[in-house]
Amino acid sequence: MDATTAERWMRVALAEARAALDHHDVPVGAVVVAPDGTELACGRNRREQQRDPTAHAELEALRAAAATLGTWRLDGCTLVVTLEPCAMCAGALVQSRIARLVFGTDDPKAGAVTSLFDLVRDPRLPHRVEVHRGILAGDCATLLRSFFTPRRYTPQRQGARVDEWGGLENR
Ligand SMILES: [Zn+2]
């Protein structure tokens, strides 16, 4: 996937991330692109909305894409996500046999693709994923940072504290 195409899809993922703000979730968004370059499915973080620890943007998008395709195998597909996937989502990417991962900003506290682990390119696992890192990273980080800015703090967001995602301060 070339840089222009990756940025175009990252803007779709960013729009999805912004929509998570409507339900007071940390703004992370994802989109799965089919091998023919069309959109298969979107997903956004709904952990607070669904009260589900596994309702991350990547899993929502992978589930929806598999439902659209009618198979769990996402051969040749690309997942584009605004934040570096965690261990759970990186594991799901391997399970889905997806071809490619494009992500925006690093997550130094929980990232499992470059920051803490590299699960998707571990040669011991049965499938490896091509990785494109840092696409529109500034925009993705700014959106996350805006969520955790105290002036935007509301009681509905008590479940999401700044210490849950303080990655940027550690860079
Ligand atoms: Zn995750």
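Please refer to the structure placed before this passage.
For clarity, every value in this text was computed on a predicted model and none was experimentally measured.

Conventions used here
- Position numbers for residues count from 1 along each chain, tracking the sequence in the order it is written.
- Predicted model: local features are reported for residues with pLDDT of at least 70 only, side-chain atom pairs are reported and counted for 80 or more only, and whole-chain, interface and lining totals are derived from all residues.
- Heavy atoms throughout the structure, all of them, feed into the side-chain values; hydrogens and water do not.
- Any nitrogen, oxygen or sulfur atom within 2.8 Å of a metal ion counts as a donor, with the limit raised to 3.2 Å for Na, K and Ca, and since water is left out, coordination shells can look unfinished.
- In this text, helices come from DSSP runs of H or I with a minimum length of four residues, and strands from runs of E with a minimum of two, each type numbered from the N-terminal end.
- Between buried and exposed lies partly exposed: a residue is buried under 20% and exposed over 50% of the maximum accessible area for its type, with that area taken using a 1.4 Å probe on protein chains only.
- In what follows, salt bridge is the name for a side-chain nitrogen of Lys or Arg lying within 4 Å of a carboxyl oxygen of Asp or Glu.
- Throughout, nonpolar core names a set of buried Ala, Val, Leu, Ile, Met, Phe, Trp, Tyr and Cys residues whose side chains join them through atoms within 4.5 Å.
- Every residue pair with non-hydrogen atoms within 4.5 Å of one another is taken to be in contact.

Trainee: Any chance you could explain the coordination of the zinc ion here in plain terms?
Mentor: For a metal with four tetrahedral donors the ideal donor-metal-donor angle is 109.5 degrees, while six octahedral donors give ideal angles of 90 or 180 degrees. Protein coordination at the zinc ion comes from H56 (ND1), C86 (SG) and C89 (SG), with a distance range of 2.0 to 2.3 Å. Spacing between the donor residues of the zinc ion along the chain follows H-x29-C-x2-C. Note that H56 is positioned in the loop between α2 (47–50) and α3 (57–69) and C89 in helix α4 (residues 87–96), a separation of 33 residues in sequence. The class of H56 is buried, set by a relative accessible area of 17%. Its relative accessible area of 0% is what places C89 among the buried residues.

Trainee: Any chance you could explain the pattern of salt bridges here in plain terms?
Mentor: Think of it this way: side chains of opposite charge can pair up when their charged atoms draw near. Under the criterion given, the structure shown has eight salt bridges. Salt-bridge contacts for E16 lead to R44; the nearest nitrogen and oxygen are separated by 3.0 Å. You can see E16 sitting in helix α1 (residues 3–20) and its partner R44 sitting in strand β2 (residues 39–44), a full 28 residues away along the chain. Of the charged contacts, one joins R124 and D122 as a salt bridge, the two residues approaching to 2.7 Å between their closest N and O atoms. Among the residues examined, R124 registers a relative accessible area of 74% and is labelled exposed.

Trainee: Can you walk me through the nonpolar core in this structure?
Mentor: For soluble globular proteins, nonpolar side chains are generally found buried alongside one another. Judged by nonpolar contacts, the single largest core of 35 residues is most densely connected at V32, L62, L79, I98, L101 and V120. Put simply, the parts of the chain that give this core at least two residues each are β1 (29–33), β2, α3, β3 (78–83), α4, β4 (100–105) and α5 (137–147). At six residues, α3 tops the list of elements feeding residues into this core. When neighbours within four sequence positions are excluded, V120 is seen to be in contact with A90, L93, V94, A112, V113, H127, R128, V129 and V131. In terms of nonpolar packing, the next biggest core, distinct from the first, is built from 14 residues, L14, A17, V33 and I135 among them.

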